[in-house]
Amino acid sequence: MRYDVAVIGGGPSGAVAAAVLAKAGLSTILLERNLENVKPCGGAIPLGLIEEFSIPPELVEKKLSHMRARSPKGRTIEMHMPNGYVGMVRREKFDRWLRSEAEKAGAVVMEGLMDSLMPTGEGWLISTLGNKVEPFEATHIIGADGANSKTADELGFPPNELKVIAMQQRFHYTPEIEKFRDIVEIWFDGEVSPDFYGWIFPKADHLAIGTGTEDRKHSIKALQKRFVEKIGIKTESYLDEAAKIPMKPRKMFAAEKNILVGDAAGLVTPANGEGIFFAMRSGKLGAEAMVRHIKSGAPLSAYEQEFRKLYQPIFFGLEALQAIYYRNDRLRESFVAICADDDVQRITFDSYLYKKMVPAPWSVQMKIFSKNIYHLLKGR
Ligand SMILES: Cc1cc2nc3c(=O)[nH]c(=O)nc-3n(C[C@H](O)[C@H](O)[C@H](O)COP(=O)(O)OP(=O)(O)OC[C@H]3O[C@@H](n4cnc5c(N)ncnc54)[C@H](O)[C@@H]3O)c2cc1C
């Protein structure tokens, strides 16, 4: 069997890409290693994504507009989003729904682990482990197989850099953690993470608690254990999960006939590790570019250029924030102090919800700038 496009990996990036390709009339296969996969993930998504991809309300278990930032010394800042919310989804249901949308659009969805890509001259011969799926051909490939993308390796893309290892545990609600049911809490605390942050995300029937680090000197299990102890949880988790997060786009993620999307391309923002939005946006932009390429010969590099043009400033800004404020507890203390400012909160939430850099008036920019300098000097 020969397809126009094979999408390897059925997470958010791959499922969205397959749906766009199939809707445009291209013969498309979506190959997913495990259709029952539960991707380790906090499942926090912004309102802009929910609107753009018409995510059904029953998948959004919580709509949270109240957040709390906690500093190393235990200082807390309450933050409220007047114009929107963070949606909480559960990845096992969310990914399944996205794949069903791809199938409805006409994509063939198959379960199998891509094992090798052999060039055939006109495209690729794709084999799965143990030939679970009969080997098939595709003229073009979209690699959507996550942070450790084998597709990227097989196609010779430059390596994925800077991987955070993140761990998350799920706890059933008990009276001691009931207080977290309707709030997102973020811990900026070197004991919880020396270079990232810890999160407490409420879902309908459980609390997801996790942390991450880039630092290979620290054991992620030890950091997570300390975090849970600091929160004061005495009950056992019922599910522990861990995975890598790439936090820097690959040097190149569009080649002549093939592209990478989502985590496979390294499209997760530094500082906050947000990847679902960028996975789905890159899946959509990449597949649209693939349709133009196949139908009229337009270059696939247009996809990478468009993505970088839209989102490079956000990646750059968050990388700078992480490099400056996540270095030690004194700086983290300063960072949480800055979060108390109403203008900082408004700009942060406006940018988060729709991923557009919202320009603030000069007077506000100057105020934030001087506060940053003040707190940086204090933090040093
Ligand atoms: C602990 C943790 C918490 C996170 N929390 C958040 C959060 O709250 N909000 C947020 O926006 N982001 C979060 N992220 C990041 C987010 O999970 C990812 O950015 C997002 O899942 C990327 O989607 P994707 O489709 O590109 O890749 P993935 O979701 O990783 O999907 C890749 C798919 O490819 C499949 N696959 C892999 N190899 C093969 C193969 N060889 N053949 C076939 N199939 C294959 C896998 O089974 C998987 O289904 C978190 C990440 C972690 C690790």
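Just so you know, these numbers come straight off a predicted model, no measurement behind them.

Please explain the environment of lysine 217 as it appears in this structure.
Structurally, lysine 217 is set in the loop between strand 15 (206–213) and helix 5 (220–231). Take lysine 217: its relative accessible area is 74%, and that puts it in the exposed class. Each C-alpha atom, one on lysine 217 and one on proline 194, is 9.9 Å from the other, the two residues being 23 residues apart in sequence.

Would you mind showing me how to read helix 1 (residues 12–23) here?
The periodicity of an α-helix, 3.6 residues per turn, causes residues three or four positions apart to be oriented the same way. With 12 residues, helix 1 ought to run about 16 Å at 1.5 Å a step, and its terminal C-alpha atoms sit 17 Å apart, in line with that. Where burial is concerned, most of helix 1 is hidden: 11 out of the 12 residues are buried. For helix 1, the set of buried residues is Pro12, Ser13, Gly14, Ala15, Val16, Ala17, Ala18, Ala19, Val20, Leu21 and Ala22. Looking at the buried positions of helix 1, the neighbouring elements they touch are strand 1 (2–8), strand 2 (28–32), helix 3 (91–105), strand 11 (136–143) and helix 6 (276–296). Just beyond helix 1, the residue with positive phi is glycine 25, at close to 90 degrees.

Got a minute to help me understand the sheet that holds strand 5 (residues 66–70) in this structure?
Sheets are built from strands that pair by backbone hydrogen bonding, the pairs being arranged parallel or antiparallel. With respect to topology, 7 strands assemble into an open sheet ordered 6-5-13-14-15-12-16, the strand pairing being mixed. Each edge of the open sheet carries a strand with a single partner, namely strand 6 (76–80) and strand 16 (239–246). On average, each strand axis in the sheet is inclined to that of its neighbour by 20 degrees, with strand direction left out of account. Pairing of strand 5 with strand 6, which is carried by 5 bridges, proceeds in the antiparallel orientation. Opposite histidine 66, over in strand 6, you have histidine 80 as the bridge partner.

Is there a simple way to explain the nonpolar core in this structure?
A general trend in soluble globular proteins is that nonpolar side chains are found buried together. Formed by 104 residues in total, the largest nonpolar core has its most connected members in Ile55, Phe94 and Ile126. Sorting elements by how many residues they give to this core places helix 6 first, with 9 residues. Here isoleucine 126 is in contact with Ala6, Ile8, Leu31, Met114, Ser116, Leu117, Pro135, Phe136, Ala138 and Ile141, once residues within four sequence places are set aside. Formed by 13 residues, the second largest nonpolar core is a distinct cluster that contains Trp187, Leu207, Val228 and Ile231.

Explain the site of the ligand to me, please; I cannot follow it from the model alone.
The local shell around the ligand holds 36 residues, among which Ser13, Glu32, Gly42, Arg91 and Asp263 are the closest. At a separation of 3.2 Å, an oxygen atom of the ligand approaches a polar backbone atom of proline 12. Those elements that provide at least two residues to the shell around the ligand are helix 1, strand 2, strand 14 (198–202), strand 16 and helix 6. When grouped by side-chain class, the residues that make up the shell around the ligand number 17 nonpolar, 12 polar and 7 charged. Mapped onto the domain boundaries, the shell around the ligand takes at least three residues apiece from domain 1 (2–36 + 92–157 + 251–315) and domain 2 (44–89 + 162–246).

Help me understand the pattern of salt bridges, please; the structure alone is not making it clear to me.
Side chains carrying opposite charge are able to pair once their charged atoms draw close together. The tally for this structure, following the rule as stated, stands at 27 salt bridges. Arginine 90 is the partner of aspartate 205 in a salt bridge, and the nearest nitrogen-oxygen pair spans 2.8 Å. Residue aspartate 205 is located in the loop between strand 14 and strand 15, and its partner arginine 90 is located in the loop between strand 7 (86–88) and helix 3; the two are separated by 115 residues in the primary sequence. The class of arginine 90 is buried, set by a relative accessible area of 12%. Put simply, lysine 150 and glutamate 154 hold a salt bridge, and the shortest N to O gap is 3.8 Å. Taken together, the residues span about one helical turn, with lysine 150 and glutamate 154 both in helix 4 (residues 150–155) at a distance of 4 residues. Residue class for glutamate 154 comes out partly exposed when judged on its relative accessible area of 32%.

Rules of the game
Residues numbered from 1 in each chain as written. Predicted model: local features only at pLDDT ≥ 70, side-chain atom pairs only at ≥ 80, totals over all residues. Heavy atoms only, no water. Helix = DSSP H or I, 4+ residues; strand = E, 2+ residues; numbered from the N terminus. Buried < 20%, exposed > 50% of the residue type's maximum accessible area, 1.4 Å probe, protein only. Expected span 1.5 Å × (residues − 1). Contact = heavy atoms within 4.5 Å. Pairing = 2+ DSSP bridges. Axes fitted to C-alpha atoms, helices over the stretch in contact; angles between N-to-C directions. Core = buried A, V, L, I, M, F, W, Y, C linked by side-chain atoms within 4.5 Å. Near = heavy atom within 4 Å. Polar contact = N/O pair within 3.5 Å; in protein donor to acceptor, adjacent residues only side chain to side chain. Nonpolar A, V, L, I, M, F, W, Y, C, P; charged D, E, K, R; others polar. Domains from an automatic or database assignment. Salt bridge = Lys/Arg side-chain N within 4 Å of Asp/Glu carboxyl O.

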